[in-house]
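Each chain, letter by letter, is given below.
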Amino acid sequence: MNFRPGLEGITAVQTNLSSVDGENGRLIFRGYHADELARKYTFEEVIYLLWYGELPAQNELKKLKKQLHEARNLPEYIIRIIDELPEDMEMMAVLRTSISSLKANPEWPPTLEEATRITAIIPTILAYRYRSLHHLEFIAPNHQLDHVSNYLYMLTGKIPKDAHIKVLNAYFILTAEHGMNAATFTSRVIASTESDLFSAVCGAIGAMKGPLHGGAPTGVMSMLNEIGTMENTEDWLRKKLNNNEKLMGFGHRVYKTNDPRAEALSDVIESLSANDDWFALARYVENTAIRLLKEYKPGRRFYTNVEFYAAAVFKAIDLPEMLYTPTFTASRTAGWSAHVLEQAENNRIFRPLSEYTGLENMINENTQRG
């Protein structure tokens, strides 16, 4: 049997949504380079592109924004559910529980209305839970604000700075979709059974929750905080490499050259934080790590990945660490929804084979021995 651990190199899906070209460092959403979208467009425009296949005209964009605004509000029963959850329950589990409680359309196939509902409400769930844990009054969605700026507003109660909106908008676009990653594959497998969109997204959240997937920015932040200063950088990194430990934020399962998402985020945040000491440290750590990885692992290609600069973005906007992976989820939901809708268009249930490696004929052997 042609066994491939982790299904590596196996093509299981044909999609019009995105192309991840790891060899050449390109990420394309429906024909548009993601890094250019991040520099020139809004998250709502990219949502429309993923769901409808083209960038919106002004009237289409206005309609989508209105639909997202109307779908932001938390139902009272969801508020009661969140309030009853243990305070030490991690945010991704709270999000998963809340999404599973939303009323799903029992009919197949899933709809754009459901995609709008789930994409719009996730930031509200996160903001409500965060402020509740900190004994702060809930801030209702501001329907004058776009998706990204409203998220920041609900967390802080303040109209966010333009610079913060710009950098988080770029992050949301660049992480909205990324091919057949673990969480996206999970969503399509669930959808292939003709289950509902909310179940598919809950499954994707479960996959995203793992530290090898959505938890990476937290690991980068911990690394940078431990290093602390430029003077400590090389000794700290060498110690990790001497112990054969992984450096968080470097290397990628797919990209064998520069991660285009990391480059775009680097450009955006550098233009906004050129004199920021913490960002200068991140830059120094990046350059030192790349140099040392070449020394310790000659012939291997290591580059900075998007998680490294995601940590820089989150630090720049003062996003609490408990919201790192949930914020990644808030952006990726647009991509998951698009994949579920696409799966429904030409559905076939996933049913791969497994190769048995256990013992054979134990009953006959035991009989003979008896």
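Structure first, text after, so check above.
Counting starts from 1 at the beginning of each chain's written sequence and moves along it residue by residue. Local features in a predicted model are, by the rule used here, given only for residues with pLDDT of at least 70; side-chain atom pairs are given and counted only at 80 or more, and totals for whole chains, interfaces and linings are based on all residues. Side-chain measures here rest on the full set of heavy atoms in the structure, leaving out hydrogens and waters.

> Whenever I open this one, the overall build of the chain confuses me. Can you help?
Put simply, DSSP marks the helices as runs of H or I at least four residues long and the strands as runs of E at least two long, and each gets a number from the N terminus on. On a plain count of helices and strands, the chain comes out with 17 helices and three strands. Values of the radius of gyration come from C-alpha atoms, whereas the globule rule sets the reference at 2.2 Å times the count of residues to the power 0.38. Relative to the 2.2 N^0.38 estimate, which gives 21 Å for 370 residues, the radius of gyration of the chain is 22 Å and therefore close to what a compact globule would have. Once the C-alpha set of the chain is aligned to its principal axes, its extents read approximately 80 × 60 × 45 Å. Working definition: with a 1.4 Å probe on protein chains only, accessible area under 20% of the residue-type maximum means buried, over 50% means exposed, and in between means partly exposed. The 370 residues of the chain split such that 49% are buried. Considering only residue pairs separated by 6 or more positions, the chain has 76% of its internal contacts joining residues 24 or more positions apart. The accessible surface values rely on the Shrake-Rupley method and a 1.4 Å probe; as for residues, cover is taken only from the protein chains in view. Total accessible area computed for the chain in this model is approximately 18500 Å², and 48% of it derives from carbon and sulfur atoms. Working rule for contacts: check all heavy atoms of both residues, and any pair within 4.5 Å makes them a contact.

> When you look at the environment of Ala 282 in this model, what are you seeing that I'm missing?
Relative to the assigned elements, Ala 282 resides in helix H14 (residues 277–296). A residue is classified by how much of its surface remains accessible, and Ala 282, at 1% relative accessible area, is buried. Taking the C-alpha atoms as reference points, Ala 282 and Ala 311, separated by 29 residues in sequence, lie 9.2 Å from one another.

> Would you take a moment to explain unusual backbone geometry for this structure?
Excluding glycine, a negative phi dihedral is what most residues carry, and trans is how most peptide bonds are arranged. Positive phi, normally seen in glycine, also occurs at Leu 7, with a value near 60 degrees. Following the sequence through the fold, Leu 7 ends up in the segment before strand S1 (18–21). Since its relative accessible area comes to 41%, Leu 7 is described here as partly exposed. A positive phi angle is found at His 135, which is not glycine, with a value near 55 degrees. Mapping His 135 onto the fold places it in the loop between helix H6 (112–133) and helix H7 (147–156).

> Looking at this model, I keep getting lost on the nonpolar core. Mind explaining?
One broad trend across soluble globular proteins is that nonpolar side chains are buried collectively. Buried Ala, Val, Leu, Ile, Met, Phe, Trp, Tyr and Cys residues form a nonpolar core when they are joined through side-chain atoms within 4.5 Å. By size, the foremost hydrophobic cluster in this structure holds 108 residues, and its most contacted members are Ile 99, Leu 168, Tyr 171, Met 223 and Phe 308. If you tally residues by element for this core, the top one is H6, at 10 residues. Tyr 171 has contacts with Leu 265, Ala 310, Val 313, Phe 314, Thr 327, Phe 328 and Ser 331, leaving out every residue within four places of it along the chain.

> Just to check I follow, could you spell out the pairing of S1 for this structure?
The side chains of a regular strand alternate, residue by residue, between the two faces of the sheet. What makes two strands pair is DSSP finding at least two bridges between them. Here S1 pairs with strand S2 (residues 26–29) via four bridges, running antiparallel. By the bridge assignment for S2, Val 20 is matched with Leu 27. Where S1 hands over to S2, the hairpin turn is made up of four residues, of which Gly 25 adopts a positive phi near 65 degrees.

> Explain the packing of H6 against helix H10 (residues 197–208) here, please?
Geometry of a packed helix pair, given as the angle between the helix axes and the separation of the axes. Axis definition: a line fitted to C-alpha atoms, limited for helices to the stretch in contact. Angles are taken between N-to-C directions and run from 0 to 180 degrees. The interhelical angle for the contact between H6 and H10, taken along N-to-C directions, is 40 degrees, at an axis separation of 10 Å. Between H6 and H10, the angle is such that the two are oblique. Of the two possible hands of crossing, H6 and H10 adopt the one that is right-handed. Mapping the contact onto sequence places Glu 114, Ala 115 and Ile 118 in H6 and Leu 197, Phe 198 and Val 201 in H10. In what follows, roughly perpendicular refers to angles from 65 to 115 degrees, roughly parallel to angles under 35, roughly antiparallel to angles over 145, and oblique to any angle outside these ranges. By convention, the crossing between two helices is left-handed when the near helix turns anticlockwise from the far helix through less than a right angle, and right-handed when the turn is clockwise.

> How do you make sense of helix H5 (residues 91–100) when you look at a structure like this?
Since there are 3.6 residues in each turn of an α-helix, residues three or four apart along the chain are aligned in direction. The buried count for H5 comes to seven of 10 residues, which makes it a mostly enclosed element. Looking at the packing, one finds that the buried side of H5 touches helix H4 (76–84), H6, H10 and helix H16 (324–345).

> Can you walk me through the side chain of Thr 233 in this structure?
Here Thr 233 is to be found in helix H12 (residues 230–242). Taking the relative accessible area as the measure of exposure, Thr 233 reaches 0% and is therefore buried. Under this definition, polar contacts are N or O atom pairs within 3.5 Å; protein pairs additionally need one hydrogen-donor-capable and one acceptor-capable atom, and for neighbouring residues in sequence, both atoms have to be side-chain atoms. Engagement of the side chain of Thr 233 in a polar contact is seen with the backbone oxygen of Thr 229, the distance being 3.1 Å. In this structure Thr 233 touches Ile 227, Leu 281, Tyr 284, Val 285 and Thr 288, once residues within four positions along its chain are discounted.

> Can you help me understand the packing of H10 against H16 in this one?
Between H10 and H16, the shortest axis-to-axis distance is 10 Å and the interhelical angle comes to 135 degrees. Between H10 and H16, the crossing angle belongs to the class labelled oblique. In this structure, the crossing between H10 and H16 has a hand that is right-handed. Facing Leu 197, Ala 200, Val 201, Ala 204, Ile 205 and Met 208 of H10, the residues of H16 in contact are Thr 325, Phe 328, Thr 329, Arg 332, Trp 336, Ser 337 and Val 340.

> What should I look at first to understand helix H9 (residues 182–192) in this one?
Where H9 is concerned, the buried positions are Ala 183, Thr 184, Ser 187, Arg 188, Ala 191 and Ser 192. Contact partners of the buried residues in H9: H10 and H16. Its side-chain oxygen at 3.3 Å from the backbone nitrogen of Ala 183, Asn 181 defines the N-terminal cap of H9. After H9 finishes, the residue Glu 194 shows a positive phi value of roughly 70 degrees.

> Which parts of the structure should I look at to understand the sheet that holds strand S3 (residues 32–33)?
Sheets are built from strands paired through backbone hydrogen bonds, the pairs being either parallel or antiparallel. In space, the three strands of this open sheet follow the order S1-S2-S3, with antiparallel pairing throughout. The open sheet has two free edges, formed respectively by S1 and S3, since each of these has just one partner strand.

> Could you clarify how one ought to interpret a nonpolar patch on the surface in this entry?
Among the surface-exposed residues, Tyr 356, Leu 359 and Met 362 lie close enough to one another that they form a single nonpolar patch of about 360 Å² accessible area. Turning to its location among the elements, Met 362 is positioned in helix H17 (residues 362–369). Each patch is built from residues that are more than 30% exposed by relative accessible area and take part in no salt bridge. Like charges join if they lie within 9 Å; nonpolar side chains (Val, Leu, Ile, Met, Phe, Trp, Tyr) join within 5 Å. Think of a salt bridge as a Lys or Arg side-chain nitrogen and an Asp or Glu carboxyl oxygen that are within 4 Å of each other.

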